[in-house]
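In case you want the letters, here they are:
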Amino acid sequence: MTDLPAAPATKPARPFFSSGPCAKPPGWAAENLATESLGRSHRSKIGKARLQYCIDLMRELLRLPDTHRIGIVPGSDTGAFEMAMWTMLGARPVTTLAWESFGEGWVTDAVKQLKLDPTVLRADYGQLPDLNAVDWSNDVLFTWNGTTSGVRVPNGDWIADDREGLSFADATSAVFAYDLPWDKIDVATFSWQKVLGGEGGHGVLILGPRAVERLESYTPAWPLPKVFRLVSKGKLAEGVFKGETINTPSMLAVEDCIASLEWAKSLGASGLIARSDANAAALDKIVAERDWLGHLAEDEASRSKTSVCLTVAGADEAFIKTMAGALEKAGAAYDVAGYRDAPPGLRIWCGATVDTADIEALGPWLDWAYAVARAS
């Protein structure tokens, strides 16, 4: 190895750039979490109240209409999305969209597990499939913001107002960072550990009125495990959407989520979106100033503002591993290597819990890590 370049003098104050679990909100501290619900049953008065409060905060910040229900469910975003698939698919033909790893996961579930023979519209990492080719007489599954590719749908205009099928949006890297058109979304899922910086293990399921109608009018041909059951005696199990969770939640994780939501409420929905926009703009500037860095998502209109995926000229997997390892060892940036199934590159989380000053401080450190990898 040749002589290494000198490290920059200033590090990001909070070098947490992982795309999940993501950075905690600024000022977060474990000792500030409310603990009165810990050691208590989640079905106690205080347990139900805290779960309902968590749901109420999410509704307020998402600007969700009263027509849509919010439920806390097991298994993170994956559990929430598979719950929706297992309980509602099979009534109509299915179209699945895949342009990154998690979208491919829903294709696998639809094809190999549920054996639905869906229409599959694919695109390579960094690209979107032709959204105009979607047949809205079908149920349609897609990721609003592809966490592993940095590609998002530009808006909801492509979702038909007069759709016959349901729209299923995996929105785990989109909620709280984009102004989502809820009239276009029948089913949405996410997890706390993304834009809120919460703890993992819990998912959130949002159902619009058309999804509720499907649940109450259609019974799938396959058996449903207990943790997926949303209907009792032909009617929606309304308690699930009032804090009466199907299984036992971690009240510590709930309190952590509440702390994040209260921080988010202090900014408001527009404030959260503005922070993410500012972070993405700061990273765009870093990329524009370096000829060896690029965006995996070339089209700015469909480029993520949360999980931003970058290309590194001439880099292979070993090169990226060296860069990411050097940054972590220096305490300058944690968990910035791209997703294992994605093309070799970097992935920088730019959600609202990250401070723009830390994104700006990252630029010289990327230069340093690039030089370290080239010298090794």
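Residues numbered from 1 in each chain as written. Predicted model: local features only at pLDDT ≥ 70, side-chain atom pairs only at ≥ 80, totals over all residues. Heavy atoms only, no water.

Going by the annotation in an unreviewed UniProt entry, the name recorded for the protein chain is phosphoserine transaminase, with Sphingomonas floccifaciens given as the source organism. Recorded in UniProt under Sequence similarities (unreviewed entry), the annotation for the protein chain is "Belongs to the class-V pyridoxal-phosphate-dependent aminotransferase family. SerC subfamily." (UniProt positions renumbered as here; feature names shortened; annotations may be inferred.)

**Student:** What is the right way to read the pattern of salt bridges from this model?
**Tutor:** In a structure, side chains of opposite charge can pair up when their charged atoms sit close to one another. Inspection of every chain in the model, using the stated rule, returns 19 salt bridges. Lys 265 serves as the salt-bridge partner of Glu 60, at 3.6 Å between the closest nitrogen and oxygen. Here the residue Glu 60 occupies a position in helix α1 (residues 45-62), and Lys 265 occupies one in helix α5 (residues 251-288), the gap between them amounting to 205 residues. Glu 60 sits in the partly exposed class, given a relative accessible area of 44%. A salt bridge links Arg 163 to Asp 186, with the shortest nitrogen-to-oxygen separation between them at 2.9 Å. Here the residue Arg 163 occupies a position in the loop between β6 (151-152) and β7 (167-170), and Asp 186 occupies one in the loop between β7 and β8 (187-191), the gap between them amounting to 23 residues. (Salt bridge = Lys/Arg side-chain N within 4 Å of Asp/Glu carboxyl O. Helix = DSSP H or I, 4+ residues; strand = E, 2+ residues; numbered from the N terminus. Buried < 20%, exposed > 50% of the residue type's maximum accessible area, 1.4 Å probe, protein only.)

**Student:** What am I meant to see in helix α2 (residues 76-88) here?
**Tutor:** Within an α-helix, residues lying three or four positions from one another point in the same direction, as the helix has 3.6 residues per turn. Its 13 residues place the ends of α2 19 Å apart at the C-alpha level, agreeing with the 18 Å of an ideal helix rising 1.5 Å per residue. Those residues of α2 that fall on the buried side of the exposure criterion are Ser 76, Asp 77, Gly 79, Ala 80, Phe 81, Glu 82, Met 83, Ala 84, Met 85, Trp 86, Thr 87 and Met 88. (Expected span 1.5 Å × (residues − 1).)

**Student:** Just checking my understanding: could you explain the nonpolar core for this structure?
**Tutor:** Nonpolar side chains in soluble globular proteins tend to be buried together. Ranked by internal contacts, the top residues of the largest apolar core, which has 90 residues, are Met 58, Phe 142, Trp 144, Phe 176, Trp 192 and Val 312. Ranked by residues supplied to this core, first place goes to α5 with 13 residues. Non-local contacts of Val 312, meaning those with residues more than four positions away in its chain, are made with Trp 292, Leu 293, Phe 319, Ile 320, Met 323, Leu 346 and Tyr 370. Core analysis: the second largest hydrophobic core is formed by 30 residues, Val 94, Leu 166, Val 187 and Leu 236 among them. (Core = buried A, V, L, I, M, F, W, Y, C linked by side-chain atoms within 4.5 Å. Contact = heavy atoms within 4.5 Å.)

**Student:** When you look at the side chain of Asp 358 in this model, what are you seeing that I'm missing?
**Tutor:** Checked against the element boundaries, Asp 358 lands in helix α7 (residues 356-375). An unpaired buried charge is present at Asp 358: no salt bridge exists, and Arg 14, the closest side chain of opposite charge, is 4.4 Å distant. When residues no more than four places from it in sequence are discounted, the contact partners of Asp 358 are Pro 12, Ala 13, Arg 14 and Phe 17. (Lys, Arg positive; Asp, Glu negative; His and termini not counted.)

**Student:** Looking at this structure, I do not really get the sheet that holds β8. What am I missing?
**Tutor:** In any sheet, the strands associate via hydrogen bonds between backbone groups, in a parallel or an antiparallel arrangement. If you walk across this open sheet you meet the seven strands as β1-β9-β8-β7-β4-β2-β3, and the pairing is mixed. The sheet is open, and its two edges are formed by β1 (69-74) and β3 (119-122), each paired on a single side. Mean inter-strand twist for the sheet, computed between neighbouring axes without regard to direction, equals 20°. Where β1 lies against strand β9 (residues 202-207), six bridges are found, and the strand directions are antiparallel. If you follow Val 73 over to β9, its bridge partner there is Gly 203. The sheet contacts of α1 involve β1, β8 and β9, and relative to β1 the element is tilted by about 125°. Here helix α3 (residues 101-113) sits on the sheet in contact with β2 (94-98), β3, β4 (139-143) and β7, set at roughly 150° to β2. (Pairing = 2+ DSSP bridges. Axes fitted to C-alpha atoms, helices over the stretch in contact; angles between N-to-C directions.)

**Student:** Hey, could you run me through the state of the cysteines in this one?
**Tutor:** In a disulfide, the sulfur atoms of two cysteines are held together by a covalent bond. Scanning all chains against the criterion turns up zero disulfides. Unpaired in terms of disulfides, Cys 257 finds its nearest cysteine sulfur in Cys 54, a separation of 3.7 Å. Among the cysteines around Cys 309, which has no disulfide bond, Cys 350 carries the closest sulfur, lying 10 Å off. On the basis of relative accessibility, which here comes to 7%, the residue Cys 309 falls in the buried class. (Disulfide = S-S within 2.5 Å.)

**Student:** Could you clarify how one ought to interpret the sheet that holds strand β14 (residues 346-349) in this entry?
**Tutor:** In spatial order, the strands read β12-β13-β14; together these three strands make up an open sheet with antiparallel pairing. A strand with exactly one partner marks an edge of an open sheet, and here the two such strands are β12 (293-295) and β14. With strand direction ignored, the average angle separating the axes of adjacent strands in the sheet is 35°. For strand β13 (residues 307-312) and β14, the ladder comprises four bridges, and the chain directions are antiparallel. Paired with Ser 307 across the bridge in β14 is Trp 349.

**Student:** Could you clarify how one ought to interpret the packing of aromatic side chains in this entry?
**Tutor:** Describing an aromatic ring pair means giving the distance of the ring centres and the angle of the ring planes. Counted according to the given criterion, the structure contains 11 aromatic pairs. The rings of Trp 136, Phe 142, Trp 144 and Trp 158 are connected pair by pair, giving a single aromatic cluster. (Phe/Tyr/Trp six-rings, centres within 6.5 Å; stacked < 30°, edge-to-face > 60°.)

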